[in-house]
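Topology and contacts: notes
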Amino acid sequence: MLRQRLIWQLFPAFLLIALTALVAAALFITQAVRSHLLTQFEQDLAARALLLAPQFDDHLASGDYTEVNALCGLLDAATEAHIMVYRMDGSIAGDSRSDEGGASTQALPPEVLTAKNGTDMAFSERENRREGQTMLYTAYPIMRDGAMLGVVRVGQSLAPISRAVQAMYFWLLIGGTLVAAGVAVVSWRVSHRIIHPIEQMKQGAIRFASGKLDMPVALPEAQEMAELAEAMNTMARQLDDRIRTAVEQRNEQEAILSSMVEGVVAVNRQQHIFSMNRAATRLFEVDPERVQGKSIHFAIRNSRLIEIIGETLKSGGPVSAEIQLHKEREVLLQAHAAGLKNAAGEPIGVVVVLNDVTDLRRLERIRSDFVANVSHELKTPITSIKGFVETMLDGSVDNPEDTRRFLGIVAKQADRLHTIIEDLLTLSRIEREEEVGESYLSEGAVRPVLEGAVQICGAAADSKDIRVAISCADTLRARINAPLLEQGLINLIDNAIKYSDAGGEVQVSAEERNDDVRIRVSDRGCGIPGEHLPRLFERFYRVDKARSRAAGGTGLGLAIVKHIAHTHGGRITVESRPGEGSTFTMHLPKPKSAGPELRIING
Ligand code: ADP
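Residues numbered from 1 in each chain as written. Predicted model: local features only at pLDDT ≥ 70, side-chain atom pairs only at ≥ 80, totals over all residues. Heavy atoms only, no water.

Brief notes about the packing of helix α1 (residues 7-62) against helix α2 (residues 65-79)
As a reminder of what qualifies: Axes here refer to lines fitted to C-alpha atoms; in helices the fit is confined to the stretch in contact. Angles between the N-to-C directions go from 0 to 180 degrees. What counts as a helix is a DSSP run of H or I of at least four residues, what counts as a strand is a run of E of at least two, and both are numbered from the N terminus. The cut-offs work like this: below 35 degrees is roughly parallel, past 145 is roughly antiparallel, 65 to 115 is roughly perpendicular, and the gaps in between are oblique. Crossing handedness: left-handed means the near helix sits turned counterclockwise from the far one by under a right angle, and right-handed means the same turn made clockwise. The contact criterion used is simple: two residues touch if any of their non-hydrogen atoms lie within 4.5 Å.
Following both chains from N to C, one finds α1 and α2 inclined at 155 degrees, their axes separated by 9 Å at the closest point. On the basis of the axis angle, α1 is roughly antiparallel to α2. As for the relative orientation of α1 and α2, their crossing is right-handed in sense. On the side of α1, the interface is formed by Arg48, Leu52, Gln55, Phe56, His59 and Leu60, while α2 contributes Tyr65, Glu67, Val68, Leu71, Cys72, Leu75 and Thr79.

Focus on the sheet that holds strand β6 (residues 263-268)
To be explicit about the condition: By definition, two strands form a pair when at least two bridges between them are found by DSSP.
With antiparallel pairing, 5 strands are arranged side by side in an open sheet as β7-β6-β10-β9-β8. Edge positions in the sheet fall to β7 (273-276) and β8 (319-326), since each of these pairs with one other strand and no more. Averaged over all neighbouring strand pairs, the angle between strand axes comes to 25 degrees, with direction disregarded. Strand direction decides the pairing type here: β6 and strand β10 (residues 347-356), joined by 6 bridges, are antiparallel. Its bridge partner being in β10, Ala266 is matched across the sheet by Val351.

Observations concerning the site of the ligand
The following threshold applies: Near is defined per residue: the residue qualifies when any heavy atom it owns lies within 4 Å of the molecule or strand. Within 3.5 Å is the distance limit for a polar contact, defined as a pair of N or O atoms, with the added protein rule that one can donate a hydrogen and the other accept it, and that residues adjacent in sequence qualify only through two side-chain atoms.
The local shell around the ligand holds 22 residues, among which Asn495, Asp523, Ser548, Thr554 and Leu558 are the closest. Here Gly555 contributes a backbone N or O atom positioned 2.9 Å from an oxygen atom of the ligand. Here an oxygen atom of the ligand sits 2.8 Å away from a polar atom, N or O, in the main chain of Leu558. Listing elements by their share of the shell around the ligand, those giving two or more residues are α14 (482-498), α16 (557-567) and β17 (581-589). It is α14 that provides the largest number of residues to the shell around the ligand, a total of 3 residues.

Section: the sheet that holds strand β12 (residues 467-472)
Ordered by their spatial adjacency, 5 strands build an open sheet running β12-β14-β15-β17-β16, and the pairing between neighbours is mixed. Of all strands in the sheet, those bounded by a partner on one side alone are β12 and β16 (571-577). Mean inter-strand twist for the sheet, computed between neighbouring axes without regard to direction, equals 15 degrees. The sheet contact formed by strand β15 (residues 516-523) and β17 spans 7 bridges and is antiparallel. Note that in β17 the partner of Ile519 across the bridge is Met586. Each of β12, β14 (505-512), β15, β16 and β17 is contacted by α14, which is oriented at about 25 degrees to β15, the strand it contacts most.

Section: the packing of aromatic side chains
Geometrically, a pair of aromatic rings is defined through the distance of the ring centres and the angle of the planes. What counts is decided by this rule: Here a Phe, Tyr or Trp ring, Trp counted by its six-membered ring, pairs with any other such ring whose centre lies within 6.5 Å, and the pair is stacked when the planes are under 30 degrees apart, edge-to-face when over 60, and tilted otherwise. When a residue's accessible area, from a 1.4 Å probe over protein chains only, is under 20% of the maximum for its type it is buried; when over 50% it is exposed; and in between it is partly exposed. Whether a charge lies above a ring is judged from NZ of Lys or CZ of Arg, which has to be within 6 Å of the ring centre and within 35 degrees of the ring normal.
Overall, the coordinates contain 7 aromatic pairs when judged by the stated rule. Their ring planes at 50 degrees and their centres at 5.6 Å tell us that Trp8 and Trp188 sit as a pair that is tilted. Of this pair, Trp8 sits in helix α1 while Trp188 sits in helix α4 (residues 159-209), and the two are 180 residues apart along the sequence. Of the residues examined, Trp8 reaches a relative accessible area of 42% and is grouped as partly exposed. An aromatic cluster is defined as three or more aromatic residues linked by ring pairs; in this entry it consists of Trp8, Phe11 and Trp188. We note Arg87 situated over the ring of Tyr65; from NZ or CZ to the ring centre the distance is 4.0 Å. The ring centre of Tyr137 lies 3.8 Å from the NZ or CZ of Arg153, which sits over that ring.

A few points about the domain arrangement of the protein chain
The following threshold applies: These domain limits were set by an automatic method or by a database of domain assignments. Take the accessible area each of two parts loses on contact, using a 1.4 Å probe, and add the two losses: that sum is the buried area. Only one rule defines a salt bridge in this text: a Lys or Arg side-chain nitrogen within 4 Å of an Asp or Glu carboxyl oxygen. By the convention adopted, Pro, Cys, Tyr, Trp, Phe, Met, Ile, Leu, Val and Ala count as nonpolar, Lys, Arg, Asp and Glu as charged, and the other residues, Gly among them, as polar.
As far as domains go, the protein chain holds domain 1 (1-210), domain 2 (260-356), domain 3 (361-417) and domain 4 (437-600). The straight-line distance from the C-alpha centre of domain 3 to that of domain 4 is 30 Å. Between domain 3 and domain 4, roughly 690 Å² of surface is buried when both sides are summed, and carbon and sulfur atoms account for 49% of that area. Three residues, Phe370, Glu377 and Arg416, lead the burial of domain 3 against domain 4; their summed loss comes to 60% of the area buried on that side. In this assembly, domain 3 and domain 4 are joined by 1 salt bridge. The partner of Glu377 in a salt bridge is Arg542, and the shortest N-O contact between them spans 2.6 Å. The interface formed by domain 3 and domain 4 includes 2 residue pairs in polar contact (both at pLDDT 80 or more). When residues of the side of domain 3 that touches domain 4 are assigned to their parent elements, the largest contribution, 6 residues, is made by helix α10 (residues 358-393). Counted by class, the side of domain 3 that touches domain 4 contains 3 nonpolar, 2 polar and 2 charged residues.

Points about the nonpolar core
Most often, soluble globular proteins have nonpolar side chains that are buried together. How we decide: For our purposes a nonpolar core is just a set of buried Ala, Val, Leu, Ile, Met, Phe, Trp, Tyr and Cys residues, chained together by side-chain atoms within 4.5 Å.
The biggest cluster of nonpolar side chains holds 53 residues, and the ones touching the most others in it are Leu489, Ile493, Ile519, Phe584 and Met586. Ranked by the residues each element gives to this core, the list is headed by α14, at 8 residues. Of the domains in this structure, domain 3 (361-417) and domain 4 (437-600) are the two that each give at least three residues to this core. Filtering out sequence-adjacent residues up to four positions away, Ile519 remains in contact with Val446, Leu450, Leu485, Leu489, Ser509, Ala510, Phe584, Thr585, Met586 and Leu588. One finds Val267, Val286, Val291 and Ile300 within the second-largest nonpolar core, a separate group that totals 27 residues.

Looking at the pairing of β17
For β17, the tally of buried residues reaches 8 of 9 residues, placing the bulk of the element in the interior. As judged from the 7 bridges shared by β16 and β17, these two strands associate in the antiparallel manner. Along β17, the bridge assignment pairs Arg577 with Gly581. Here β16 folds back onto β17, and the loop between the two strands holds 3 residues, one of which, Gly579, carries a positive phi near 85 degrees.

Remarks on α4
Definition in use: One fewer than the residue count of a helix, multiplied by 1.5 Å, yields its expected span. Axes are fitted to the seven residues ending at a residue and to the seven starting at it; the angle between these axes is taken as the bend at that residue.
Counted at 1.5 Å a residue, the expected span for α4 with its 51 residues is 75 Å, and the 71 Å between its end C-alpha atoms agrees. Helix geometry: α4 is bent most strongly at Ile195, by close to 30 degrees, with proline Pro197 lying one to four residues after it. By the burial criterion, the buried members of α4 are Ile161, Val165, Met168, Gly176, Ala180, Ser187, Ser191, Ile195, Pro197, Met201, Gly204 and Phe208. Just downstream of α4, Gly211 is the residue with a positive phi angle, here 100 degrees.

With respect to helix α9 (residues 303-315)
Note that an α-helix has 3.6 residues per turn; residues three or four places apart therefore point the same way. The following threshold applies: Comment: arc refers to directions from the helix axis out to C-beta atoms.
With 13 residues, α9 should cover 18 Å at 1.5 Å per step; its first-to-last C-alpha distance of 18 Å lies within 8% of that length. Where α9 is concerned, the buried positions are Leu305, Ile306, Ile308, Ile309 and Thr312. Along the long axis of α9, the arc covered by the buried residues comes to 160 degrees, so they all point the same way. Set apart from the buried face of α9 by more than 90 degrees, the exposed residues are Ser303, Lys314 and Ser315. Check the buried side of α9 and you find it contacts β6, α8 (296-299), β8, β9 (330-341) and β10. A positive backbone phi angle near 85 degrees is found at Gly316, which sits one or two residues after α9.

Structural data, given as structure tokens:
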């Protein structure tokens, strides 16, 4: 619909009202003035007729109509009135504006008839064709001694009244035009005064709608408008407060969601995503911008997640399940889904919280593997001891030679048990220290530690005729726990000797690099196939079980080394090629300041 501006509705209406009033007033005034002038004119005409009547009685009585006619002309010249005298038979005895006295037998005009009948004076307004103007006529009886001799009729042009009325029209037109112009100006300004505050409020409302709620509407002068503007400003303030609160709440929620480690995905009943935090987008490797508002079927193509959401939508939840993601590495998620409800308690969607339990499950597996491994490791020597002891107890071994041999085996298995338990205790002690974050590290020379470890392994090296060479600057220092580091190095050197052929060589070296201090133990032994390297530092993991057992290994040596490296705030790496040898490297952080201190790990 085509809408008109308010000013074009108000202004013409004002103007029309004003002009109608003006025209009505003008008509009324002119009518009133004309009627007043006419009344005066009639009175004047009646007075003339009254005065003129006695002038004619003598001549009429004598029948001297020529004289009557002449007198008519004379009096007309004096009074500027058309004078006619009628005899009682209706014929004209004299006419000031015609010479045919006594000739007319025309029907008598109404004012003459009225006079003849002796009733009141009558006035009649007629167009005089001969004179070409409107005339007002009246008549009066001519009496003598109580008898009516005839009637005198006086007519006068109404032109002066017409002229006066026209002049009035002229001035009314001039005045009216001026007044109309004034009215137009005033009504324009009044319309503007009404519309301006409305316009201001309209602008204010547009500002509010565009979000600029802090720019209030100016208060107009008119009370009602000022109250309306005040109400709008109050509404804007309240709206601003509410929006601010809502934004703050949303920001807080977003901050909480985005800083959560758990992934959170919320979908509506149509399964379109309306919230997904950073952790969830990382887990499912999707672009957070793109998934917003998209269907879960297209945004995250995980059938298990879709299944869980569908189930929760149906049942209202809660639903718990595990989801497996096949990324670079396998990721296991624990999903907890629950139905979302609005304030009225109606279901509006589903929220799913996802926990990455990959590490947890791995730890659980390692722990249960560990228990199984420990049991297995302990079982072999215990079974062996039990077997020999039972054999000896049932008295079937008489020979002292056999008895000594059996006891030797029992002692060896007991040693093995002892070694395993020693290693387990060492491992658990180091692990505990690592977990609690307590281990005394102090800056000290590295070379003496290497020499100590090599010396302890000396007997084993000699038994296989293996030369162990040390390469380390005397000045090299690191932040170390010397006995612990020595223990780790013993394990590495012992392995290097164990898995090298007789007559081989083992290199123990240490040097400072840009970012750390590296201690290397290299051998030219059997080496380790690549597929074993990732799991090499796990407890009880052995590449060649038979060889390890034969060499008295527990499978715990490298696990201990790994924890010792961690305790030092460092790490352990391995490079190895089957048949070429292996190099184990301990990376220790460089010393920063001198003096002993309590190092907090994981703290
Ligand atoms: P073990 O007591 O069996 O030596 P470790 O934890 O010390 O246990 O070592 C785990 C496994 O790693 C060993 O069983 C062995 O197969 C392999 N290994 C360790 N060091 C070496 C090395 N220097 N050369 C070859 N294989 C090694």
